[in-house]
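The chain contents come next:
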Amino acid sequence: MQRIRLRYTKRGRLRFTSHRDFQRAFERALRRAEVPMAYSAGFTPHPKVSYANAAPTGTGSEAEFLEIALTEARDPETLRVLLDESLPAGLDITDAVEARTSGLADRLTASVWELRLDGVTFEDAEKAVEAFLAAETVEVQRKTKNGVRTFDARSAVAGLVAERPQADPPGHPQVDRPLDNACAILRLVVRHVTPAVRPDDVLSGLRAVADLAPPVPAAVTRLAQGLFDEESGTVTDPLAPDREAVKAASPTAAATASATAPGTGTA
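Residues numbered from 1 in each chain as written. Predicted model: local features only at pLDDT ≥ 70, side-chain atom pairs only at ≥ 80, totals over all residues. Heavy atoms only, no water.

Undergrad: Explain helix α3 (residues 122-134) to me, and be specific about the residues and the numbers.
TA: In this model, α3 (13 residues) spans 18 Å end to end at C-alpha, consistent with the 18 Å of a helix rising 1.5 Å per residue. For α3, every residue scored as buried is listed here: Phe122, Ala125, Ala128, Val129 and Phe132. The buried residues of α3 occupy one face: seen down the axis, they fall within an arc of 125°. Turned more than 90 degrees off the buried face of α3, the exposed positions are Lys127, Glu130 and Ala134. Next to the buried residues of α3 lie β8 (157-163), β9 (183-191) and α4 (199-210). (Helix = DSSP H or I, 4+ residues; strand = E, 2+ residues; numbered from the N terminus. Expected span 1.5 Å × (residues − 1). Buried < 20%, exposed > 50% of the residue type's maximum accessible area, 1.4 Å probe, protein only. Arc of directions from axis to C-beta. Contact = heavy atoms within 4.5 Å.)

Structural data, given as structure tokens:
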């Protein structure tokens, strides 16, 4: 059985698709691309697909991850292209690598978010960020199925800065971030803790400490997701260990193939 790890996006209007909607679309793509999927046992077999920490409905994302199990080996890049062509525009498969390590979910310890605040000036956003970071705790409330829950939104935030809108670099358009000078951009790094602190919780915290209330809902996009590096304050690529393992194995595999090929060896 071969395992392939994929990175995919939710862009534009498809940010409003639920996780269940994506699951249905992805399983249809697997059938269209004729992927040799492994299936679970039992009376209702289903494709072996493992989803990791999906973004909330209504948020865009450039860094969603999943893993599939195959009954036959396939080239990851060829598989990526086939699946990407079988999905609607906005749900894009941007990376694929053979799983050579364990614990993908364990490497998703933080996310980088971008919050677009239309109708908020950069100066007001900057002041609110300073007040939020200066606070030791910022209590917010969230409605759950068990009632209203109060928790601290400050401790999970590893980084928060206000920025002015900028044009996207050539060749890297951000569908969810058009250029508009009449707004502020927040760049947010949040550790994955329990209870989970979401971007809207941080916005509630900014309203609590600085009365920052955007006149329209914020456009939220996850830019990255991975292992949080405490020293640099950055979020690393969770697929990097698998790429390194594939590269490390390639010379060994090539040497073995050469040694066992017909006509090789000592006389």
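Following the structure, the description resumes.
Undergrad: Please give an account of the pattern of salt bridges that cites residues and values.
TA: Following the criterion strictly, the structure yields 20 salt bridges and no others. For Arg100, the salt bridge goes to Glu98, with nearest N and O atoms at 3.4 Å. Residue Glu98 is classed as partly exposed on the basis of its relative accessible area, which comes to 22%. (Salt bridge = Lys/Arg side-chain N within 4 Å of Asp/Glu carboxyl O.)

Undergrad: Outline empty space enclosed by the protein, listing residues and values.
TA: Under the definition given, this model contains one cavity of 30 Å³ or more. Here the largest cavity defines a volume of roughly 50 Å³. Around the largest cavity sit Tyr8, Lys10, Thr17, Ser18, His19, Phe22, Ala54, Ala55 and Glu64, which together line it. Looking at the lining of the largest cavity, the elements that each hand over two or more residues are β1 (2-10) and α1 (19-32). Its residues assigned to classes, the lining of the largest cavity comprises four nonpolar, three polar and two charged. (1 Å grid on protein atoms, 1.4 Å probe; cavity = no way out; pocket = protein on both sides within 12 Å on 5 of 7 lines; lining within 4 Å. Points joined across faces, edges and corners; volume = space filled by probe spheres on them. Nonpolar A, V, L, I, M, F, W, Y, C, P; charged D, E, K, R; others polar.)

Undergrad: Give me the lowdown on the environment of Met1, citing residues and values where you can.
TA: Structurally, the position occupied by Met1 is in the segment before β1. Spatially, the C-alpha atom of Met1 lies 5.6 Å from that of Leu70, the residues being 69 residues apart in sequence. Among residues more than four places away in sequence, those in contact with Met1 are Ala38, Lys48, Ala69 and Leu70.

Geometric descriptors of this kind do not, in isolation, establish any biological role.
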